[in-house]
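# A structural walkthrough
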Amino acid sequence: MKKIFFSILALFFILSGATADVPFATAKGQGKISAGTKINYDFTKMNYNMATGIVFDMMIAPENYKGKTAKIKGQFLSEIHEGQRAFAVVVWDATGCCPTGLTIVPLEGKKYPDDFPKEESKVTVAGTLEIMNLFGGETLCLVAETWE
């Protein structure tokens, strides 16, 4: 159940006023994303229903997505979880009631807030999908190699 932490959390997302400079998790760069890189899952070109279906499948069978590249455009959100900052990019449906999105893990050396987008701003993130031990279990995350 903890695999769907951000999916459920986004529905009830309450941004904390506290700050923490240390991300919940970081990753070494995979080096897969550069100009002209083939993106396996480009959420920027999908409608909300398709994106929701794929994110749901990612929660059910994360091993099918490990090592694949993805790109998502949505609202950048973060919160304090267990004393450290966790990140997500959330895509909302047309009515603004039902979010979907991905947990984002920054590359090592990134400092919050200096190296991150402004809270609740629109952002496009591309990177590699990796399974990481977060939130008390294995979670499929997007290791953010590029931010726009």
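Reference entry: report on the structure contained in this document. (Residues numbered from 1 in each chain as written. Predicted model: local features only at pLDDT ≥ 70, side-chain atom pairs only at ≥ 80, totals over all residues. Heavy atoms only, no water.)

If you tally the helices and strands in the chain, you get two helices and six strands. When the helices and strands of the chain are listed from N to C terminus, the series reads α-β-α-β-β-β-β-β. In the chain, 70% of the contacts between residues at least 6 apart in sequence involve partners at least 24 apart. Split by element, the accessible area of the chain, about 7,700 Å² in all, is 53% carbon and sulfur. (Helix = DSSP H or I, 4+ residues; strand = E, 2+ residues; numbered from the N terminus. Contact = heavy atoms within 4.5 Å. Areas by Shrake-Rupley, 256 points an atom, 1.4 Å probe, with all protein chains shown as cover.)

Moving on: the nonpolar core. Counting residues in each nonpolar core, the largest one holds 22 residues, and the members touching the most others are Phe43, Met58, Ile72, Leu102, Ile104, Val125 and Leu142. Looking at this core, the elements with two or more residues in it are helix H2 (48–60), strand S2 (69–81), strand S3 (84–92), strand S4 (99–106), strand S5 (122–134) and strand S6 (137–147). Looking at this core, the element that brings in the most residues is H2, giving four residues. The contact partners of Met58, leaving out residues within four places of it in the chain, are Tyr41, Phe43, Tyr65, Leu102, Leu129 and Leu140. Core analysis: the second largest hydrophobic core is formed by 10 residues, Val105, Leu134, Phe135 and Cys141 among them. (Core = buried A, V, L, I, M, F, W, Y, C linked by side-chain atoms within 4.5 Å. Buried < 20%, exposed > 50% of the residue type's maximum accessible area, 1.4 Å probe, protein only.)

The computed volume of the largest pocket comes to approximately 150 Å³. Forming the walls of the largest pocket are 13 residues, and the residues nearest its centre are Lys73, Gly74, Val91, Trp92 and Lys122. Listing elements by their share of the lining of the largest pocket, those giving two or more residues are H2, S2 and S3. Taken together, the residues of the lining of the largest pocket break down into seven nonpolar, four polar and two charged. (1 Å grid on protein atoms, 1.4 Å probe; cavity = no way out; pocket = protein on both sides within 12 Å on 5 of 7 lines; lining within 4 Å. Points joined across faces, edges and corners; volume = space filled by probe spheres on them. Nonpolar A, V, L, I, M, F, W, Y, C, P; charged D, E, K, R; others polar.)

What follows concerns the packing of aromatic side chains. Evaluated as defined, the whole model comprises eight aromatic pairs. Seen from their ring centres, Phe87 and Tyr112 are 5.9 Å apart, and the 45 degrees between their planes marks the pair as tilted. One end of the pair, Phe87, is in strand S3; the other, Tyr112, is in the loop between S4 and S5, and 25 residues separate them in sequence. Each of the two residues, Phe87 as well as Tyr112, counts as buried. (Phe/Tyr/Trp six-rings, centres within 6.5 Å; stacked < 30°, edge-to-face > 60°.)

On to unusual backbone geometry, then. Glycine aside, a negative phi is what most residues show, and trans is what most peptide bonds show. Pro113 follows Tyr112 through a cis peptide bond whose omega is 5 degrees. With phi around 50 degrees, Glu82 is a residue other than glycine that occupies positive phi space. Relative accessible area serves as the criterion here: at 64%, Glu82 is assigned to the exposed category.

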